[in-house]
Number of protein chains: 2
Amino acid sequence: MPHLAFPNSTCDGFRCETHCAVRPLAICGELEQVEHEEFERLAQHVRYGAKEALFSEDEVADAVYSLVEGIARLYKLLPDGRRQIIGFALPGDFLGMAPSARYSFSADSIGGVTVCKFFRGPFLRFIENRPHMLMRMNEFATRELSLAQDQMLLLGRRSAEEKVAAFLVGWRDRLARLEGVTKTVSLPMGRQDIADFLGLTIETVSRTFTKLEREKLIVIVPDGVRVLDPKRFDALAAA
Amino acid sequence: MPHLAFPNSTCDGFRCETHCAVRPLAICGELEQVEHEEFERLAQHVRYGAKEALFSEDEVADAVYSLVEGIARLYKLLPDGRRQIIGFALPGDFLGMAPSARYSFSADSIGGVTVCKFFRGPFLRFIENRPHMLMRMNEFATRELSLAQDQMLLLGRRSAEEKVAAFLVGWRDRLARLEGVTKTVSLPMGRQDIADFLGLTIETVSRTFTKLEREKLIVIVPDGVRVLDPKRFDALAAA
DNA sequence: AAGGAAGCTTGACACAGATCAAGGCCGCTC
DNA sequence: GAGCGGCCTTGATCTGTGTCAAGCTTCCTT
């Protein structure tokens, strides 16, 4: 078991020598040196192992999180256990803002995850008189909202094949922002997660992957897919 | 034709004698006298007739809107015409923020609508050094995002009957904030709008209304429904 | 290297909701 | 008040996706 990171270990109190790679993309990306140092002092750097809860729906929302490394799934459950994944969080994403005193969804790590954790009070006090920071929060919220609206269109009005294609294209483009453009799209989440994101069953997702492969649009590889015909593929995802 | 209001008529330049009823709920609800007067000077009060476009997806997003009176539908279209309504806007709602230079959805009036319209530049200049205003924008965005996430759960994981029940309960509760609690829920939007909001066809919506009426949960009245058994009804909407 | 568990794929069948088609109920206009 | 158009409802049938049930692959453990 390489690189065992025990949960909730922190490295605040000393200067982390590893430079935060996603800083420009994150909520704190436009802070200047001095302000950023003050901001850093509010943060706890927390590491989670695979499949751990960062927070859960209906818990008191006492902290917000900036994802530094790894991938998280964000989801809501119905009383009978049906699950809807409302998004996958990538490095740079900001999590945990809620319209009430409690979280409105749950978040857990897929593989290993590192976050900057901020307690609500100090965080709010830091931002409340910093317009630039508030503007940045607004940009983040607006982008999230727009993604959510795209997903509503997908969930309400697209066929299974369109859903899967649009998911792969969207995921590829989000990864491209972080890692640059690649032919192979890595899929760290499982088929069930994809199904719960797209409002499908795992069987339908599996069949649709197979179908796209038969149609020579993709090749299924371990933990991902290779897109063969980006042109035709983007068209399918858009339509 | 009573009260004919021709589109795009404005009343800025003189003090509107009618007091803005939804002010406390709106984006400007916490501005003090002096600041509010400055803010008002940026606004155009615009009146729209029924079924007019406030703005359309992919247009340059040169203005934002605070809805004062009436109801708007917000929606996205696929190239082949399939439509997803992403929300209904009520008085007090704030519209038109986009993550890029263009609107990410379309908005049009259902019946008559009055808005405060702000051009982007002056609006941004007004808020950029007013932390209270920025905080309020954040609250609005966070609430919208949470509603969008609820809707994803509905679209992806609920049955037709659950969708209709949850819609009626959600709509009733939003109206209650404005008009107080009532037994009769007014539905100014048509069946097709409800279908496009819930990811169903108009026939399924119609059949489901009829089914709920047969089961003695509601009575269908002109332009609305009366909820007979709120207990049982809320349960159906939650489950 | 064998055994097992977890995740993925495939097949047969069922069903919720879509589609196609007709008819009813207003509220206009003339 | 007759005729028309928009909206809504209802019925018959179809179909995409869900459900149920095996079987397969991969990888981890021992």
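Residues numbered from 1 in each chain as written. Chains lettered and ligands numbered in written order. Predicted model: local features only at pLDDT ≥ 70, side-chain atom pairs only at ≥ 80, totals over all residues. Heavy atoms only, no water.

Topic: the sheet that holds strand E10 (residues 184-186) of chain A
Within a beta sheet, neighbouring strands are joined by backbone hydrogen bonds and run either parallel or antiparallel to one another. Residues and elements named next belong to chain A. What counts is decided by this rule: When DSSP locates at least two bridges between a pair of strands, those strands are taken to pair. The secondary structure listing takes helices from DSSP runs of H or I that are at least 4 residues long and strands from runs of E that are at least 2 residues long, numbered from the N terminus. To obtain each axis, a line is fitted to C-alpha atoms, and for helices this fit is confined to the stretch in contact; angles are then taken between N-to-C directions over 0 to 180 degrees.
In spatial order, the strands read E10-E12-E11; together these three strands make up an open sheet with antiparallel pairing. Bordering the open sheet on either side are E10 and strand E11 (218-221), each of which pairs with just one other strand. Shown here is a sheet whose adjacent strand axes are inclined to one another by a mean of 25°, direction ignored. Bridging between E10 and strand E12 (residues 224-227) involves three bridges; their strand directions are antiparallel.

Considering the relation of the copies chain B and chain A
Quick reminder of the rule: Least-squares superposition aligns the copies on the C-alpha atoms of those residues with pLDDT at or above 70 in both. Any two residues having at least one pair of non-hydrogen atoms within 4.5 Å are treated as being in contact.
Superposing chain B onto chain A requires a rotation of 180° together with a translation of 0.0 Å along the rotation axis, leaving an RMSD of 0.0 Å. In symmetry terms, the pair is related by a two-fold rotation axis. Residue by residue, 98% of the interface of chain B is reproduced at the interface of chain A, so both copies engage with the same surface.

Structural notes on the nonpolar core
Note the following rule: To form a nonpolar core, buried Ala, Val, Leu, Ile, Met, Phe, Trp, Tyr and Cys residues must be joined to one another through side-chain atoms within 4.5 Å. Exposure is judged per residue with a 1.4 Å probe applied to protein chains only, and the accessible area is read against the type maximum: over 50% gives exposed, under 20% gives buried, and values in between give partly exposed.
Core analysis: the largest hydrophobic core is formed by 110 residues, its most contacted members being Phe167(A), Trp171(A), Leu187(A), Phe167(B) and Trp171(B). The residues touching Phe167(B), leaving out its near neighbours within four places in the chain, are Phe88(B), Leu187(B), Met189(B), Ile194(B), Phe197(B) and Leu198(B). Ile27(A), Met133(A), Phe140(A) and Cys116(B) belong to the second largest nonpolar core, which has 35 residues in total.

Some words on the protein's contact with DNA strand C
Worth spelling out the cut-off: To be near a molecule or strand, a residue needs just one of its heavy atoms within 4 Å of it. Nitrogen and oxygen atoms within 3.5 Å of one another constitute a polar contact, given that in protein one can donate a hydrogen and the other can accept it, and given that sequence-neighbouring residues count only through two side-chain atoms.
Near DNA strand C there are 15 residues, and of these Ser206(A), Arg207(A), Thr210(A), Thr204(B) and Arg207(B) occur at the shortest range. Each atom of DNA strand C within 4 Å of the protein was classed as base or backbone; sugar and phosphate made up 62%. Interatomic distance of 2.8 Å between a side-chain N/O atom of Arg207(A) and a base nitrogen of DNA strand C. Between DNA strand C and the protein, one listed contact pairs a phosphate oxygen with a side-chain N or O atom of Thr204(B) at 2.4 Å. Breaking the surface near DNA strand C down by element, the ones donating at least two residues are helix H6 (202-214) of chain A together with helix H6 (202-214) of chain B. If one sorts the elements of the surface near DNA strand C by residue count, H6(A) sits on top with four residues.

Section: the packing of helix H3 (residues 131-157) of chain A against helix H4 (residues 160-179) of chain A
Residue and element names in this part refer to chain A. Rules: Small angles under 35 degrees read as roughly parallel and large ones over 145 as roughly antiparallel, with 65 to 115 read as roughly perpendicular and the rest as oblique. By the definition used in this description, the sense in which the near helix is turned from the far one sets the handedness, with an anticlockwise turn below a right angle giving left-handed and a clockwise turn giving right-handed. Put simply, Ala, Val, Leu, Ile, Met, Phe, Trp, Tyr, Cys and Pro go in the nonpolar bin, Asp, Glu, Lys and Arg in the charged bin, and everything else, Gly too, in the polar bin.
At their nearest, the axes of H3 and H4 sit 9 Å apart, and the two run at 160° to each other. When the axes of H3 and H4 are compared, the pair comes out roughly antiparallel. In this structure, H3 crosses over H4, and the sense of that crossing is left-handed. Where H3 abuts H4, its residues Arg143, Leu154, Leu155 and Arg157 lie against Glu162, Lys163, Ala166 and Arg177. Residues that form the contact of H3 with H4 fall into these classes: three nonpolar, no polar and five charged.

Things to note about the environment of His36(A)
Residue and element names in this part refer to chain A. Within the secondary structure, histidine 36 is located in helix H1 (residues 33-42). For histidine 36, a relative accessible area of 12% puts it in the buried group. Beyond its immediate sequence surroundings of up to four residues, histidine 36 is in contact with Arg23, Cys28 and Leu31.

Notes on the sheet that holds strand E5 (residues 72-77) of chain A
All names here are of chain A. If you trace the four strands from one edge of the open sheet to the other, you get E3-E8-E5-E6, paired in antiparallel fashion. Sheet topology places strand E3 (53-55) and strand E6 (83-89) at the edges, where each strand pairs with a single neighbour. Geometrically, the sheet is characterised by an average inter-axis angle of 30° between neighbouring strands, direction not taken into account. Here two bridges tie E3 to strand E8 (residues 106-109), and the two strands are oriented antiparallel to one another. Bridge pairing links phenylalanine 55 to alanine 107 in E8. Sheet contacts for helix H5 (residues 191-198): E5 and E6; angle to E6, the most-contacted strand, approximately 105°.

Section: the UniProt feature "domain: HTH crp-type" (unreviewed entry) in chain A
The line we're drawing: UniProt positions are given in the numbering used here, feature names are shortened, and annotations may be inferred rather than shown by experiment.
Here, the residues flagged by UniProt with the feature "domain: HTH crp-type" (unreviewed entry) are residues 158-231 of chain A. Between the first and last C-alpha atoms of residues 158-231 of chain A the distance is 19 Å; the span itself is 58% helix and 15% strand.

Thoughts on the pattern of salt bridges
We count it as follows: Here, a salt bridge means any Lys or Arg side-chain nitrogen found within 4 Å of an Asp or Glu carboxyl oxygen.
Across all of its chains, the model carries 37 salt bridges over all chains by this definition. Here Arg73(B) ties to Asp108(B) by a salt bridge, and the two come within 2.8 Å at their closest N and O atoms. You can see Arg73(B) sitting in strand E5 (residues 72-77) and its partner Asp108(B) sitting in strand E8 (residues 106-109), a full 35 residues away along the chain. Of the two residues, Arg73(B) and Asp108(B), neither departs from the other in class, the shared state being buried. One continuous salt-bridge network, built from bridges that share partners, spans Arg73(A), Arg83(A), Asp108(A), Asp193(A), Asp196(A) and Arg157(B).

Re the interface of chain B and chain A
Frequently, the measure chosen for interface size is the accessible area that the parts lose on association. The following threshold applies: What gets called buried area is simply the loss in accessible area from a 1.4 Å probe that two parts show on being joined, summed for both.
Residue-level contacts link 44 residues of chain B with 43 residues of chain A. Of the roughly 3,800 Å² buried between chain B and chain A, counting both surfaces, carbon and sulfur atoms make up 66%. For the interface between chain B and chain A, the tally reads six salt bridges. In this structure, Arg82(B) engages Glu162(A) in a salt bridge whose closest nitrogen and oxygen atoms are separated by 2.9 Å. If you look at where chain B meets chain A, you find 14 residue pairs in polar contact (both at pLDDT 80 or more). It is helix H3 (residues 131-157) of chain B that contributes the most residues to the side of chain B that touches chain A, 20 residues altogether. Among the residues making up the side of chain B that touches chain A, the classes are represented as 22 nonpolar, eleven polar and eleven charged.

Observations concerning the packing of aromatic side chains
Describing an aromatic ring pair means giving the distance of the ring centres and the angle of the ring planes. Residue and element names in this part refer to chain A. Test applied: Centres within 6.5 Å are what make two rings of Phe, Tyr or Trp a pair, Trp counting through its six-membered ring; a difference in plane orientation under 30 degrees is then read as stacked, over 60 as edge-to-face, and the rest as tilted. Any Lys NZ or Arg CZ that is within 6 Å of a ring centre and within 35 degrees of that ring's normal is treated as a charge sitting over the ring.
Within this structure, the stated rule accounts for 26 aromatic pairs over all chains. Here phenylalanine 39 and phenylalanine 123 contribute two aromatic rings whose centre-to-centre distance is 6.2 Å and whose plane-to-plane angle is 55°, an arrangement assigned as tilted. Of this pair, phenylalanine 39 sits in helix H1 while phenylalanine 123 sits in helix H2 (residues 120-127), placing them 84 residues apart in sequence. Using a relative accessible area of 1% as the deciding quantity, one classes phenylalanine 123 as buried. A network of ring pairs unites the aromatic residues Phe39, Phe94, Phe118, Phe123 and Phe126 as a single cluster. The ring centre of phenylalanine 140 lies 4.8 Å from the NZ or CZ of arginine 143, which sits over that ring. Here the guanidinium or amino end of arginine 191 rests over the ring plane of phenylalanine 209, the centre of that ring lying 4.3 Å away.

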